[in-house]
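A closer look at the structure
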Amino acid sequence: MEKPLAVRLRPKCLDDIVGQKHLVSDNGVIRKLVNKKKIFSCIFYGPPGIGKTSLANAMVNELNLRYRELNAVINNKKDFDIVLEEAKMYQGLVVIMDEIHRLNKDKQDLLLPHIESGLITLIGITSANPFHKINPAIRSRCQLFELKPFSSSDILEGIDKIIESNVLNVKITDEAKQAIVRLSNYDYRSAINTLEMAAYVSDGEIDFGVIEDLNNKPIYLSDANEDNFYDMLSAFQKSIRGSDVDASLYYLARLIETDDFESIFRRMTVIVYEDIGLASPGLQNRVNLGISACERVGMPEARIVLANLVIEMALAPKSNSAYLAIDMALNDIRSGKSYPIPSHIKNHSKNYKYPHDFEFSYVKQRYLPEKLNSKYYVPKKNKNEKYYDEIIKNLEKIK
C-alpha cells in the first residue's frame, strides 16, 4: 500500500515547512540558526497537529545531523541507554523527544548531565504548557519556541505547494480550496488527506462539488479569503457586548452554520470573562456548564443550549473592570516597575501580620512594593461591583 500523502510530503528542509513564519522566515530564529549551521537544545510547544515534529526533523535533516527519535512515554530506560551509548560513539547526537512533559525522573537523571555537557542536543516536543508541565531542570537547559496554530492562509499556501509540485497531477478551483480549509478546521494534515482523496475521485480538476461529495454535512463558505469568518466572530462578540440580543442570535446562527463549534465555545468563554466579568460572575459557570452540555448532546439540540446562553449573555450587565485591571498591572511590570517585595510579606518573615488573628480577618499592612501606589481595580457601577466597592471602602475605614 502507498503511504499517505501527508507522510510522503513530510518536510525535509525549512523551505518545506508550512506556517510558523515567526520561526522559519528569513528573519526567524530557527532559520538564522540553521543558516549558521548551529543548533541548541530546545523545546517546541503548541497545540497538536501544527508541525512540531516536522520542524524538528527539517532542522536536523537540513543540518545533516545524526539523530534519534524517542517518546518519553513509550520508550523505556534501556532505549535511553542505547541512545546514550550511540551519542558517545559518535561524540554527539540530537535526540528528538516527543511527549517530553511526561519524562519521568529516572530518564531525566539519565539525560540531564549529557544535555549539560553537550553530548546530547535535545529537541523536546510537547502540546503541554512547558512552564507548568516540564521539569524546571530540563526547561532551564532548553530554549523554548512556541509554534502557532495554522491560519486559513497557511493551509491555502500548503494546498498551493502540493498542487504546484504536481505530485497529484490535478487542478483545483479557489472555491474547492476554501472548502478544504473549512472542513479541515485548521488541521493541515486533515486538509492534505481531503486533498488527496479529492484528487483520486476527481476527473483531473477538483471543484467545490467534489469536496461536497466527500462530506456528509453542508459546507459553509463565508467569502473568498475566509476573513469574513473572523469578522463574524468579532460581530458576535460586539453584539453581545452591545446588548443587542437579536444581532447576537443572528451571528450565532451564522456561526452554527460553519460547524466550527470550537471557535464558538472559545469566543463565548472570552466574552463572559472580558465583557460581562464581575458584573455577573455566576454567568461564567453557566456558560462553562452550557458548553459541556453542547458537547454531550451535540447538534441539533446544542443550538438550543447556545441560544439560551447567548440571550442571557446579551442581556446580562456588562463590566470590563477585571480586563482593564490586569492590563494596567501588566503595563506596570513591562515598563520596569518590578520593585522589591516588602520584607514583611516575604516567605518565613517574622514581621508578617496574619489577618485571621484580627477582627474581621483584616489588618492594615502594606502589600504593594514601597515605590508603587498604583490602583488597578476600579469597580463599575453595576449592582455586583457596587457591593465590591462598598467592601473596599469599609476596609479602608478599619484602623
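Report follows, based on the coordinates. Everything numeric in this text was worked out from a predicted model, so none of it was measured. (Residues numbered from 1 in each chain as written. Predicted model: local features only at pLDDT ≥ 70, side-chain atom pairs only at ≥ 80, totals over all residues. Heavy atoms only, no water.)

1. Overview of the overall build of the chain
- The number of helices and strands found in the chain is 19 helices and seven strands.
- Here the C-alpha coordinates of the chain stretch approximately 80 × 60 × 40 Å along the principal axes.
- With 399 residues in all, the chain has 42% of them scored as buried.
- Pairs at least 24 residues apart make up 72% of the contacts formed inside the chain by residues separated by at least 6 positions. (Helix = DSSP H or I, 4+ residues; strand = E, 2+ residues; numbered from the N terminus. Buried < 20%, exposed > 50% of the residue type's maximum accessible area, 1.4 Å probe, protein only. Contact = heavy atoms within 4.5 Å.)

2. Topic: the packing of aromatic side chains
- Scanning the entire structure with this criterion turns up six aromatic pairs.
- Judged by centre distance (5.0 Å) and plane angle (70°), the ring pair of Y250 and Y251 falls under edge-to-face.
- Classification of Y251 by relative accessible area gives partly exposed; the value is 23%.
- The ring centre of F40 lies 5.2 Å from the NZ or CZ of K38, which sits over that ring.
- Geometry around Y90 places R66 over its ring, the cationic atom sitting 3.7 Å from the centre. (Phe/Tyr/Trp six-rings, centres within 6.5 Å; stacked < 30°, edge-to-face > 60°. Lys NZ or Arg CZ within 6 Å of the ring centre and 35° of its normal.)

3. Digging into the packing of helix α5 (residues 77-89) against helix α6 (residues 105-117)
- Contact geometry for α5 and α6: axes closest at 10 Å, N-to-C directions at 10°. Accordingly, the angle class assigned to the pair α5 and α6 is roughly parallel. In the crossing of α5 with α6, the sense of the turn from one axis to the other is left-handed. Taking contact as the criterion, the partners of K77, F80, D81, L84 and K88 in α5 are, on α6, K107, L110, L111 and H114.
- For the contact of α5 with α6, the class distribution of residues is four nonpolar, one polar and four charged. (Axes fitted to C-alpha atoms, helices over the stretch in contact; angles between N-to-C directions. Parallel < 35°, antiparallel > 145°, perpendicular 65-115°, else oblique. Left-handed = near helix turned anticlockwise from the far one by under 90°. Nonpolar A, V, L, I, M, F, W, Y, C, P; charged D, E, K, R; others polar.)

4. A closer look at the packing of helix α9 (residues 152-165) against helix α11 (residues 188-201)
- Where α9 meets α11, the axes come as close as 10 Å, and the angle between the chain directions of the two elements is 40°. If you check the angle between α9 and α11, you find them oblique. Judged by the sense of rotation from one axis to the other, the crossing of α9 with α11 is right-handed. Together, I155, G158, I159, I162 and I163 of α9 and Y188, A191, I192 and L195 of α11 make up the contact between the two elements.
- Partitioning the contact of α9 with α11 into residue classes produces eight nonpolar, one polar and no charged.

5. Some thoughts on the environment of Q365
- Structurally, the position occupied by Q365 is in the loop between α18 (321-334) and α19 (383-397).
- Contacts of Q365, omitting those with residues within four sequence positions, involve H344, Y352 and K353.
- A distance of 2.8 Å separates a polar atom in the side chain of Q365 from the backbone oxygen of K353. (Polar contact = N/O pair within 3.5 Å; in protein donor to acceptor, adjacent residues only side chain to side chain.)

6. Details of the pairing of strand β4 (residues 120-126)
- Most of β4 sits out of view: seven of its seven residues are buried.
- Of the two faces of β4, the one holding I120, L122, G124 and T126 and the one holding T121, I123 and I125 are both buried throughout.
- As defined by bridge partners, strand β1 (residues 42-45) adjoins β4 across four bridges and the pair is classed as parallel. Directly across from F44, in β4, lies its bridge partner I125.
- The pairing of strand β3 (residues 93-98) with β4 spans six bridges and is classified as parallel. Note that in β4 the partner of V95 across the bridge is L122.
- Traced from β3 through α6 to β4, the parallel crossover comes out right-handed. (Pairing = 2+ DSSP bridges. Right-handed = clockwise from strand over helix to strand, strands pointing away.)

7. Things to note about the pattern of salt bridges
- Counting across every chain of the model gives 18 salt bridges.
- A salt bridge links E157 to K21; its shortest N-O distance comes to 2.8 Å. Of this pair, E157 sits in helix α9 while K21 is found in helix α2 (residues 21-24), placing the two residues 136 residues apart along the sequence.
- Several salt bridges converge on common partners, so that one network encompasses K21, E157 and K161. (Salt bridge = Lys/Arg side-chain N within 4 Å of Asp/Glu carboxyl O.)

8. Focus: the environment of A307
- Tracing the chain through its elements places A307 in helix α17 (residues 302-315).
- Residue A307 is classed as partly exposed on the basis of its relative accessible area, which comes to 21%.
- Put simply, A307 and A253 are 54 residues apart on the chain and 9.0 Å apart in space, counted from C-alpha to C-alpha.
- With residues up to four places along the chain from it excluded, the contact list for A307 reads L249 and L252.

9. A closer look at a nonpolar patch on the surface
- On the surface, a nonpolar cluster with roughly 410 Å² of combined accessible area is contributed by M197, Y200, V201 and L214.
- Within the fold, Y200 resides in helix α11.
- The exposure class of Y200 is exposed, given its relative accessible area of 58%. (Patch = residues over 30% accessible without salt bridge, like charges linked within 9 Å, V, L, I, M, F, W, Y side chains within 5 Å. Areas by Shrake-Rupley, 256 points an atom, 1.4 Å probe, with all protein chains shown as cover.)

10. Remarks on helix α4 (residues 52-62)
- Most of α4 is tucked away: eight of the eleven residues are buried.
- When α4 is considered as a whole, its buried residues turn out to be K52, S54, L55, A56, N57, A58, M59 and V60.
- In this fold, the buried residues of α4 make contact with α2, α3 (29-35), β1, β2 (67-71), β3 and β4.
- Immediately downstream of α4, the backbone of N64 shows phi near 55°, a positive value.

11. Examining the side chain of S319
- Topologically, S319 is positioned in the loop between α17 and α18.
- With relative accessibility at 3%, the residue S319 sits in the buried group.
- A polar atom in the side chain of S319 sits 2.4 Å from the side chain of E385.
- If we skip the residues at most four places from it in the chain, S319 touches E274, D275, I276, G277, L278, A279, K380, N382 and E385.

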